[in-house]
Each structure stands twice: as C-alpha cells, then as structure tokens.
Amino acid sequence: MTTNLALSIITLITFWISLTPILIKSEEGIDVFLPVSLNLTVSTDPSSISAASHDYGNITDENPGAVLCPSSAAQVARLLRFASGGFSYHGDSNSPSPGFKVAARGQGHSLRGQASAPGGIVVNMTCLAKAAKPAAVVVSADGTYADVAAGTMWVEVLEAVVERGVSPVTWTDYLYLSVGGTLSNAGIGGQTFRHGPQISNVHELDVITGKGEMMTCSPNLNPELFYGVLGGLGQFGIITRARIALDRAPTRVKWFRILYSDFSAFTRDQERLVSMANDLGVDFLEGQLMMSNGFVDTSFFPISDQIRVASLVNDHRIIYVLEVAKYYDTTALPIIDKVIDILSRTLGFIPGFMFIQEVPYFDFLNRVRIEEEKLRSLGLWEVPHPWLNMFVPRSQILDFHNGVIKNILLNQTSTSGVTLFYPTNRHKWNNRMSTMIPEGDVFYVIGFLQSAGGSHNWQELEKVNDKIIQYCDNSGIKIKEYLMHYTRKEDWVKHFGPKWDDFLRKKIMFDPKKLLSPGQDIFN
C-alpha cells in the first residue's frame with residue numbers, strides 16, 4: 001500500500017511539473033514561459049539570439065526571447081497551440097494565452113526585420129529541412145512535381161531535381177533563399193513574364209496556422225488558406241512543405257546582354273519580347289540601368305570591349321541593358337540560331353553592342369553567387385541594404401522614368417548597387433493570392449538594390465527612397481511596393497486596397513491572437 005501511494009505521489013508530481021511553465025530567460029534578459037511537456041528544444045545563447053535578430057538588410061536589430069530548432073512540424077504546431085492558448089497548463093481551458101509572438105525564419109534575407117519576433121520565439125526553418133524524411137526534396141515518380149521542406153534553399157532544390165532531368169520553371173535571381181520565404185512574398189525573377197511568380201507554380205502546401213492547426217491546402221482543399229498564405233507575408237500560417245511544379249530541365253543557356261541608349265526602344269523591345277510565344281521567344285528577360293554616377297560593372301563583357309562599354313555609359317550618362325536568355329539542349333540548336341537571328345535583326349539596340357555568353361543551365365541560375373563571393377571578399381556583403389522594390393504600371397512607366405531615373409537618380413552625386421527595370425505579364429499572376437500588383441496587362445518590376453558601403457550611409461540612401469515614393473504619390477503613379485515594410489495601419493490598408501477586408505478576415509480566421517510574423521508590423 002505504501003509503495004503504491006508513493007508511486008501515485010511521484011506520478012502526480014511528475015504530471016504537475018510537466019504542466020508547469022518553466023522560465024526561458026535569454027542572456028538579453030527576455031523571458032518566455034514554456035511547459036516542459038511541450039518537449040521543445042530552444043536556444044537562448046547569445047550566438048543564437050544574435051543570428052536571429054539580424055537579417056540581410058542589416059538595418060534592424062530585434063532580439064527574440066528564444067530560437068526554436070524543430071525536428072518536426074508537430075513541434076512547431078505544439079508551440080503555436082500553446083502560444084495561442086490552445087494548450088492549458090493550469091487545467092483551465094479559459095486561461096489566457098501566453099501571448100508571445102512567433103516568426104518563421106529561413107535564410108534571414110528580409111530587409112527590415114520582417115522575420116523577427118521581438119521578445120518572442122523565432123522558428124529556425126532550416127532545422128526542419130534538415131530533419132525532413134525521407135529527404136528535404138522528393139521528386140515525384142513522373143517528375144512533374146517535387147515535395148519540398150519549406151526551410152530548403154532554392155539552390156538545394158535545383159541541385160536535387162536536375163539529377164532527374166527536371167526543374168522548376170520560375171526562379172528568383174538569388175538562389176540562397178528559403179522556399180517558404182519566397183512563397184510568403186511572391187518569388188519573382190526573369191522567368192516571371194512567361195511562367196508567373198513562384199507562388200503561381202505551387203500545387204499544394206502543408207501549413208501550421210496561428211492556432212497550431214496542421215493543415216494541407218491546395219486550390220481544391222482549404223483554398224482560403226492556400227491562396228492566403230501564398231504572398232501572405234507569413235500572417236496566416238507557417239509553410240512547412242510545398243509541392244512545386246516541375247518541367248523538363250534544359251542543359252545549356254545562351255545569355256545575352258544588349259545595350260540601348262534610347263529608353264523608348266528599350267521598353268518597346270522588352271514589351272514585345274514578353275509577349276512572344278515560347279518557341280522563338282526568350283525564356284528569361286530582365287533589364288538593368290548603367291548610370292555614369294554609379295559603379296559601371298563591365299565584367300560580363302569581353303575584356304576587349306569593356307572600355308568601349310564604360311565610355312558609352314559615360315557619354316550617354318545612362319545605358320539601358322536588356323538581359324535575355326534562351327534555354328536549350330542538343331535537340332534545340334536550330335531554334336537557338338533562329339532566336340539569335342531574330343534578336344539581331346529586329347531589336348533597336350546600339351549597333352555592335354549585343355554580347356552573348358554560353359553557360360550551363362545550373363551556372364546561369366546560380367549566377368548571383370559569383371557576385372556574392374566577390375562582394376564578400378571586399379567586405380561589402382554584410383552591409384546595410386536599404387532596398388526599394390516596386391511594381392509600376394506600364395501606362396505610367398515613361399513618367400516614372402523621367403521623374404525618378406532622370407530627375408532623381410541621375411542628379412545624385414553618386415549611386416550604389418544595381419537598378420533592375422523590366423516588364424512582366426499580369427495574367428501570369430493569380431489575383432486570389434495575397435500579393436498585390438498594379439492594374440493593367442503589363443507592369444514593370446523596379447528594384448533599387450542599394451548597398452550602404454564606402455561613402456554611402458543607409459540613412460542617406462533611405463532619403464532617396466523616400467523622395468522616389470513621394471514623387472510617385474505626388475504624380476499619381478500607382479505603384480505597389482514589394483518586400484515593403486510599413487509601420488502604419490493606413491499604409492497597409494492602402495497597399496492591400498480592395499483585398500484588405502479579406503486579408504483581415506483571414507487573419508481572424510487563421511491567426512486570431514495575431515501571433516505570427518510580428519516583424520511585418522501589419523497587426524501590431
């Protein structure tokens with residue numbers, strides 16, 4: 001009898017301890033309470049906290065209370081269920097929720113702390129990818145899709161699928177980003193005009209909502225969650241798996257950079273190319289601006305032509321670079337010759353300034369990695385990046401060019417970084433998704449990818465960004481910012497426009513305690 005009583009007491013004590021919250025105190029002095037029974041491994045050491053408090057933008061510094069390195073999606077679900085009050089440790093189902101915020105973090109490539117959780121818990125999604133079974137990337141038997149753990153980098157997806165002779169059809173320019181991260185925004189690049197953004201090429205998702213519910217969703221299963229999460233800035237759930245569409249992978253790429261001095265000819269040719277059919281059309285299209293008051297990167301061009309290109313920029317003050325690519329393999333060589341002929345004969349570029357490289361498909365997609373390594377070697381990678389990205393309606397692109405490029409950027413003492421400038425097709429986007437784009441059949445992707453290194457500080461560059469946005473507002477140019485960070489509710493309401501009420505409704509439905517992605521500053 002005594003033995004049985006003792007065992008009962010021990011069992012009761014053990015049960016009580018498992019339900020009692022323990023204090024997780026980081027060395028930054030931030031407290032988070034978690035029950036032992038959640039069985040979660042969190043880190044509070046200075047190294048983990050520091051890594052989770054910074055991002056690629058290098059402008060914000062927001063310390064979480066702890067970092068979770070989950071080994072399963074179930075652990076993330078338990079965390080969110082507890083945070084939302086769905087897991088009671090007092091035996092009282094009406095006890096208040098702990099209230100700490102939760103943010104998923106992939107590669108930390110956000111710009112203004114969007115993946116931060118000040119005082120809360122950051123979920124390290126790379127841990128989930130490493131623990132994925134049987135693998136982080138699983139290609140279907142017929143090669144038409146891949147199931148991918150959301151913490152996987154796109155370069156890892158590429159490495160896994162090309163072995164099977166298949167590939168996703170649309171990419172970001174930089175591949176060392178997480179799948180979940182780009183799908184929470186849009187995922188855009190030079191293939192978007194033909195195949196749409198990455199969010200338009202997803203068949204199915206596994207998502208953990210802000211209530212801790214593990215849900216599979218698709219256009220036919222839980223469609224509100226599916227379309228809300230894609231481009232939803234992490235507000236409705238944490239993506240843990242994505243089923244990505246695949247197609248046959250090419251092996252080689254003809255890569256062109258074609259120079260223009262006339263803006264009208266540049267945009268006319270860009271718009272014609274994005275409207276062409278697949279066979280004789282290009283597979284990739286972007287554009288850049290080379291300005292005399294900035295660094296003129298001539299590394300793509302033959303050494304014998306680099307001085308000639310630099311002189312051209314100096315003479316005209318601004319040169320427009322059309323960047324296109326055609327994919328092929330040994331069976332498509334005749335088509336490649338026809339494409340080169342069409343580009344040579346029909347485009348209005350400066351005679352003698354079409355340059356071509358031939359590279360493997362993998363190397364083309366991974367081309368920005370070379371630039372990264374170069375900048376890292378110079379100590380110019382981990383610097384503040386006050387980037388400004390936006391979509392501009394085609395109907396207003398001339399006004400934008402004259403007011404912003406000519407009257408603002410070219411009048412700066414100097415500029416830094418890369419300026420992207422290229423059109424894409426609206427019909428390749430699904431309006432049911434959360435991402436906002438301008439009206440009109442065609443709109444332009446504009447990226448002022450500035451780096452605050454050398455003589456530039458980020459506050460000065462930010463003032464230029466503010467001037468650009470103010471000009472657009474004053475001129476009635478109806479831009480939509482991308483990768484934006486607003487701090488006022490009225491700016492978010494304006495951004496989402498007619499979608500705001502639906503966005504708010506989904507927030508109440510899937511994350512009623514407003515726990516997820518607090519760094520976006522939408523519902524704080």
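Residues numbered from 1 in each chain as written. Predicted model: local features only at pLDDT ≥ 70, side-chain atom pairs only at ≥ 80, totals over all residues. Heavy atoms only, no water.

- Going by what an unreviewed UniProt entry lists, the chain is known as cytokinin dehydrogenase and is assigned to Arabis nemorensis.
- In UniProt, the chain has this text filed under Sequence similarities (unreviewed entry): "Belongs to the oxygen-dependent FAD-linked oxidoreductase family." (UniProt positions renumbered as here; feature names shortened; annotations may be inferred.)

### Digging into unusual backbone geometry
For residues besides glycine, phi is generally negative; the peptide bonds are generally trans as well.
Reasoning step 1: The omega torsion of the bond from Lys-133 to Pro-134 falls at 0 degrees, within 30 degrees of zero and hence cis.
Reasoning step 2: Along the chain, the position of Pro-134 falls in the loop between α4 (125-130) and β7 (137-139).
Reasoning step 3: For Leu-483, which is not glycine, the phi torsion reads 60 degrees and is therefore positive.
Reasoning step 4: Structurally, Leu-483 can be placed in the loop between β21 (480-482) and α16 (489-496).
Reasoning step 5: For Leu-483, a relative accessible area of 30% translates into the label partly exposed.
Reasoning step 6: Despite not being glycine, Lys-514 shows a phi value in the positive range, around 55 degrees.
Reasoning step 7: Take Lys-514: it is sitting in the segment after α17 (500-510). (Helix = DSSP H or I, 4+ residues; strand = E, 2+ residues; numbered from the N terminus. Buried < 20%, exposed > 50% of the residue type's maximum accessible area, 1.4 Å probe, protein only.)

### Examining the pattern of salt bridges
Reasoning step 1: Per the stated rule, a full pass over the model turns up 27 salt bridges.
Reasoning step 2: Across the pair Asp-283 and Lys-326 runs a salt bridge, and its minimum N-O distance is 3.8 Å. Here Lys-326 lies in strand β16 (residues 318-328) and Asp-283 lies in the loop between α9 (263-274) and β15 (284-291), a separation of 43 residues in the sequence.
Reasoning step 3: When its relative accessible area of 15% is taken as the criterion, Asp-283 is described as buried.
Reasoning step 4: Among the residues examined, Lys-326 registers a relative accessible area of 6% and is labelled buried.
Reasoning step 5: Beyond isolated ion pairs, a larger network of salt bridges with shared partners links Asp-147, Glu-204, Asp-206, Arg-241 and Arg-243. (Salt bridge = Lys/Arg side-chain N within 4 Å of Asp/Glu carboxyl O.)

### Section: the sheet that holds strand β3 (residues 42-43)
Each strand in a sheet pairs with its neighbour through backbone hydrogen bonds, running either in the same direction (parallel) or in the opposite one (antiparallel).
Reasoning step 1: Spatially, four strands are ordered β3-β4-β6-β5 in an open sheet, and the strand pairing comes out mixed. The two strands at the open ends of the sheet, each matched to only one other strand, are β3 and β5 (102-105).
Reasoning step 2: Where β3 and strand β4 (residues 66-68) come together, two bridges link them in antiparallel fashion. Across the sheet, Ser-43 pairs through a bridge with Val-67, a residue of β4.
Reasoning step 3: Taken strand by strand, helix α2 (residues 46-53) contacts β3, β4, β5 and β6 (121-124), and its axis lies near 85 degrees from that of β4.
Reasoning step 4: Lying on the sheet, helix α3 (residues 73-83) is in contact with β4, β5 and β6; it crosses β6 at an angle near 165 degrees. (Pairing = 2+ DSSP bridges. Contact = heavy atoms within 4.5 Å. Axes fitted to C-alpha atoms, helices over the stretch in contact; angles between N-to-C directions.)

### Thoughts on the sheet that holds strand β11 (residues 214-217)
Reasoning step 1: Spatially, β7-β8-β12-β10-β11 is the arrangement adopted by the five strands of the open sheet, whose pairing is antiparallel. Two strands in the sheet have a free side with no partner beyond their single neighbour: β7 and β11. The sheet shows a mean angle of 15 degrees between the axes of neighbouring strands, taken without regard to direction.
Reasoning step 2: Bridge analysis of strand β8 (residues 145-149) against strand β12 (residues 237-245) gives five bridges, and the strand direction is antiparallel. By the bridge assignment for β12, Ala-149 is matched with Arg-241.
Reasoning step 3: Its contacts with the sheet put α3 on β10 (202-209), β11 and β12, and the angle it makes with β10 is roughly 45 degrees.
Reasoning step 4: Sheet strands touched by helix α5 (residues 154-162): β7, β8 and β12. Its angle to β7, the strand with the most contacts, is close to 35 degrees.

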